[in-house]
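If you want the building blocks of each chain, they are given just below.
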Amino acid sequence: MNTVSDKTSAIRGLYRLSIEERQKKLQEFADLTEDDMSVLEKFGSLDASTADRMIENVVGTFPFPLGIATNFQINGRDFLVPMALEEPSVVAAASNAARMTRQTGGFSASTTDPVMIGQIQVADIPHLDKAEKSITEQKENLLKVANAQDPVLVKFGGGARDLQVRRLDTIMGPMIVVHIFVDARDAMGANAVNTMCEALAPLLEELTKGKVYLRILSNLAEHRLARATATFPAKELGGSKAVDGILKAYAFAQADPYRCATHNKGIMNGVDAVLLATGQDFRAVEAGAHTYAATREGGYQSLTRYEKTPSGDLQGSIELPLAVGLVGGATRTHPVARLCVKILGVKTANELAEIIASVGLAQNLAALRALSQEGIQTGHMKLHSRNVAIAAGAIGDEVDTIAQKMIAEKRVRFDRAQEILAELRKD
Ligand code: MEV
């Protein structure tokens, strides 16, 4: 039955309260029990006061499993790669694919300069040609003003490098969009770029006699690319039929956006997990990766490429925009993210991007290999069945006992886990 509640979510000034006071308000609103509250009150490595400074209206933290992918050898150096995610099989799959590349030298990875794009939208321009000419003539001065916003970035060899004037015909009439190209060095770059865009706005209004609306970074970071390649030996993959199976799976993705979305999602399983572990803006990378996949060659395409080598092995490569940073943001404030960066031993954002690209390629190869052979459910079910057992209330040894029984019966279901648990406890 639907009852009208007198509870309101319009809580004024929640942000001004302490975490405990917020928790209390939440408890009242959502009728949380003392057991529920103890879940919320448990803080781990991300302590309450740090969390409270990271976002607004904090009531707790949200832990994820942190796994370590093994076997990664990238540009001749070995890495243990921290991955934060909730999905079973991903860490094992990445580790397995990375193992296969070791005898062929591992991954070769590279990056472009870490150049981000900032966009300034100018509308209501009386004379587009004149406006474009004025901006172009003032290019050097505009870049100087942009760079004056961030002397530290300039000192470290970064800063605004170039500027481009684009014309857009929109449903609200013609507009000029100015792109600034900013080398963000070891920062993700959003703050530096947005500040520069905002600083240029009044000058651009003067030059164009128009009105500036948006001043913001583009997540289509198509000039900040990371690439990785690796050779996967046919005998590791299961022979030449297995290589052909993977090539067929790749061809399917290239021919069909319905498949390609899932194919690229598999890549992002690995990419996002390392991004999350190292405190990166994974939404930014997701947005950039899929838009790049859609615009690079017209239709939506795979972020990876595969071909057979003359000796019959499989050569894989990946290219995607990877706007990651080591300075600023959660990478510095989140203690676990800081630790994960230390585990990786990377000193530059580009090194981190090279690892992430390699993990994305490994993840994709592992998925295509499994999908074109036995399917992913066999491997998936082992961990999935354990999760189902835990969700049904199993603890300690009960988890594996129930999981194994459900797999043997080929019935991995919550209700079955509950039944087996009840039987076990009766015994
Ligand atoms: C599941 O999270 C990812 C896969 O669906 C990727 C793929 O289909 O390539 C297995």
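Within each chain, residues carry numbers counting from 1 in the order of the written sequence. Reporting in this predicted model follows two pLDDT cut-offs: at least 70 for local features of residues, and 80 or more for side-chain atom pairs to be given and counted; totals over whole chains, interfaces and linings ignore these cut-offs and use all residues. Think of the side-chain values as coming from all heavy atoms in the structure, minus any hydrogens and water.

**Thoughts on the packing of helix H1 (residues 19-30) against helix H2 (residues 34-41)**
One can describe the packing of H1 onto H2 by two numbers: an axis separation of 11 Å at closest approach and a directional angle of 145°. Viewed along their axes, H1 and H2 form a crossing whose handedness is right-handed. Contact residues: Gln-23, Leu-26 and Gln-27 in H1; Glu-34, Met-37, Leu-40 and Glu-41 in H2. For the contact of H1 with H2, a count of residues per class yields 3 nonpolar, 2 polar and 2 charged. Fitting a line to C-alpha atoms yields each axis, with helices limited to the stretch in contact; the angle taken between N-to-C directions then spans 0 to 180 degrees. Where helices and strands are cited, they refer to DSSP runs of H or I of at least four residues and of E of at least two residues respectively, numbered from the N terminus. The sense of a crossing depends on the near helix, which, turned anticlockwise from the far helix by less than a right angle, makes the crossing left-handed and, turned clockwise, makes it right-handed. What makes two residues a contact is simply this: any of their non-hydrogen atoms within 4.5 Å. Lys, Arg, Asp and Glu make up the charged group, whereas Ala, Val, Leu, Ile, Met, Phe, Trp, Tyr, Cys and Pro make up the nonpolar group; the residues left over, Gly among them, are polar.

**Points about the site of the ligand**
Near is defined per residue: the residue qualifies when any heavy atom it owns lies within 4 Å of the molecule or strand. In the vicinity of the ligand, the contacting residues are Glu-87, Arg-259, Thr-262, His-263, Lys-265, Gly-266, Asn-269, Ala-367, Leu-371 and Ile-376. Two N or O atoms count as a polar contact when they lie within 3.5 Å, although within protein this holds only if one can serve as hydrogen donor and the other as acceptor, and sequence-adjacent residues are included solely when both atoms are side-chain atoms. Side-chain polar atom of Lys-265 to an oxygen atom of the ligand: 2.7 Å apart, as the coordinates give it. Side-chain polar atom of Asn-269 to an oxygen atom of the ligand: 2.9 Å apart, as the coordinates give it. Per-residue and other accessible areas follow the Shrake-Rupley method at a 1.4 Å probe size, with only the shown protein chains counted as cover for residues. Computed on the free molecule, the ligand has an accessible area of 300 Å², of which 86% lies beneath the protein chains in the complex. Taking a 2 Å distance to the grid points as the criterion, the majority of the atoms of the ligand fall inside the second largest pocket. Elements that contribute at least two residues to the shell around the ligand include exactly helix H11 (257-277) and helix H15 (349-372). At 6 residues, the largest contribution of residues to the shell around the ligand is made by H11. A per-class count over the shell around the ligand returns 3 nonpolar, 4 polar and 3 charged. Cavity: a set of points on a 1 Å grid over the protein atoms alone where a 1.4 Å probe fits but cannot get out. Pocket: an open set with protein on both sides within 12 Å along at least five of seven lines, its lining residues, like those of a cavity, having an atom within 4 Å of a point. Whether a molecule sits in a cavity or pocket is decided by its atoms, more than half of which must lie within 2 Å of the grid points.

**As for the nonpolar core**
Across soluble globular proteins, you tend to see nonpolar side chains buried next to one another. Among the nonpolar cores identified, the biggest contains 60 residues, and Phe-72, Val-81, Met-83, Phe-232 and Leu-322 are the most heavily contacted of them. Element by element, the count of residues in this core is highest for H15, at 12 residues. Ignoring anything within four residues of it in the chain, the contact list for Phe-72 reads Arg-77, Asp-78, Phe-79, Val-81, Ala-94, Ala-98, Arg-102, Phe-107, Ser-358, Val-359 and Ala-362. Buried Ala, Val, Leu, Ile, Met, Phe, Trp, Tyr and Cys residues that are joined via side-chain atoms within 4.5 Å together make up what is termed a nonpolar core. Exposure is judged per residue with a 1.4 Å probe applied to protein chains only, and the accessible area is read against the type maximum: over 50% gives exposed, under 20% gives buried, and values in between give partly exposed. The next biggest cluster of nonpolar side chains, apart from the first, holds 31 residues, and it includes Met-116, Ile-120, Ile-135 and Ala-192.

**Examining the domain arrangement of the protein**
One can read the domain layout of the protein as domain 1 (14-54), domain 2 (66-112 + 225-373), domain 3 (115-218) and domain 4 (379-426). Note: domain ranges come from an automatic or database domain assignment. Inter-centroid distance (C-alpha atoms) of domain 2 to domain 3 is 33 Å. Tallying the contact residues gives 10 residues for domain 2 and 5 residues for domain 3. Put simply, buried area is the surface a 1.4 Å probe can reach on two separate parts but cannot reach once they are joined, added for both. The junction of domain 2 with domain 3 conceals about 530 Å² of combined surface from both sides, 63% of it contributed by carbon and sulfur atoms. Together, Ala-323, Val-327 and Ala-349 form the three largest contributors to the area buried by domain 2 at its contact with domain 3, with a combined 54%. For this analysis, a salt bridge means a side-chain nitrogen from Lys or Arg found within 4 Å of a carboxyl oxygen belonging to Asp or Glu. Taken together, the links from domain 2 to domain 3 amount to 0 salt bridges. Summed over the shared surface of domain 2 and domain 3, the number is 3 residue pairs in polar contact (both at pLDDT 80 or more).

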